[in-house]
Amino acid sequence: MKVTIIGAGAIGGLIGQKLAATGEAQVSALARGATLAALRERGWRVRQGESVTTTPVAAAHALDDAAKLGEQDLVVIAVKGPALAQVTASAKPLLGAHTLVLPAMNGVPWWFCKGVAPFGDAPLTSVDPDGAIGETIPLASVIGCVVHASASTPEPGLVDHKMGRGLIIGEPGGGGSERVQRLAGLLTRAGFEATVSENVRRDIWYKLWGNLTMNPVSAITGATIDRLLGDPLVREFCSAAMREAAEIGAKIGCVIDQSPEDRHEVTAKLGAFKTSMLQDVEANRPIELDALVSVVREIGRRVAVPTPNIDVLLGLTRLFGRTHGLYPQ
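How each quantity is defined
Residues numbered from 1 in each chain as written. Predicted model: local features only at pLDDT ≥ 70, side-chain atom pairs only at ≥ 80, totals over all residues. Heavy atoms only, no water. Phe/Tyr/Trp six-rings, centres within 6.5 Å; stacked < 30°, edge-to-face > 60°. Helix = DSSP H or I, 4+ residues; strand = E, 2+ residues; numbered from the N terminus. Buried < 20%, exposed > 50% of the residue type's maximum accessible area, 1.4 Å probe, protein only. Lys NZ or Arg CZ within 6 Å of the ring centre and 35° of its normal. UniProt positions renumbered as here; feature names shortened; annotations may be inferred.

**Some remarks on the packing of aromatic side chains**
As enumerated under the stated definition, the model contains 3 aromatic pairs in all. Look at F112 and W205: their rings are 5.8 Å apart centre to centre, the planes differ by 20°, and that puts the pair in the stacked class. In this pair, F112 is assigned in the loop between β7 (100-103) and α4 (132-136) and W205 in helix α6 (residues 200-221), connecting sequence segments 93 residues apart. In terms of burial, F112 and W205 fall into one category: buried. Ring plane angle 35° and centroid distance 6.0 Å describe the contact between Y206 and W209, whose orientation is recorded as tilted. Of this pair, Y206 and W209 both sit in helix α6, separated by 3 residues, roughly a single helical turn. Members of the aromatic cluster, joined through ring pairs, are W111, F112 and W205. Positioned above the aromatic ring of Y206, the side-chain terminus of R263 is 4.6 Å from the ring centre.

What follows is the structure, encoded as structure tokens:
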């Protein structure tokens, strides 16, 4: 099986190393710069605690030119949202008639509302402004994915795996399929806790429901999760935004059957945890605002659900990002 990882960072590097270690797949990386150099010199590396596991990468399978890799059986896209349009355009040579595409990314993906009333085939402009991503990657190629793992990259090519091995996958339109079952089997043999979902859109929305507030509020305040939830005014603001998102979800077949307080209790178990967006701010990297917040506001407008709290959240975080050069002007 030929597999290419696009975005060999924290999650992409974790998936790449574990798939390569099975010996069942020829795993390549489409990367650049220091990450590409590190992969070529030292291979896939994953650290857990004090132990580092290394799996070699042949020079011919760590490249910055997709045309040299050719058509793949599976393409895992694990880049940050702001980079997606660019990498999608460069990935065309990897995509054949039977290639599966697994987006292992945060937030709402470009395909999320395809075929869902009242969206039809119209793109979500927040995450696919000109529809180019959807045109390049056919919906029929996509396998939906939700990542439940925490990892970081303390240096190029090295993944620091903190916790979690969960991958929820499923057909975008719901139901089961043989190809999803086969992929789940491969991921399970690679050491992931792979779950096949009958409604992966709902699983994506549920994860978003928590990240929608915790990520941007932590980014603009610099506070860890425990401090956000420990402030009653901030906690209630987050709850109000989550109630709006839950109402939107109910309109698009992604019902949330918890209260915000239920979710806060789960999130609080993370303790003094830094969200991915806060980590991006501290590293001076672009923030993934559109796939987490802008798109929720856009969907809310389309299904006529008012979003006053989400609007405030978006406005404040967008201004913060622009002021610090982390979000486009």
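**Side note on the UniProt feature "domain: Ketopantoate reductase C-terminal" (unreviewed entry) in the chain**
When the UniProt feature table is mapped onto this chain numbering, "domain: Ketopantoate reductase C-terminal" (unreviewed entry) sits at residues 199-318. Overall, residues 199-318 shows 74% helix and 0% strand. The separation of its end C-alpha atoms is 31 Å.

**Notes on the UniProt feature "domain: Ketopantoate reductase N-terminal" (unreviewed entry) in the chain**
Summarizing the sequence annotation, UniProt attributes the feature "domain: Ketopantoate reductase N-terminal" (unreviewed entry) to residues 3-171 in the numbering used throughout. Structurally, residues 3-171 is divided into 21% helix and 32% strand, and its ends, taken at the C-alpha atoms, are 19 Å apart.

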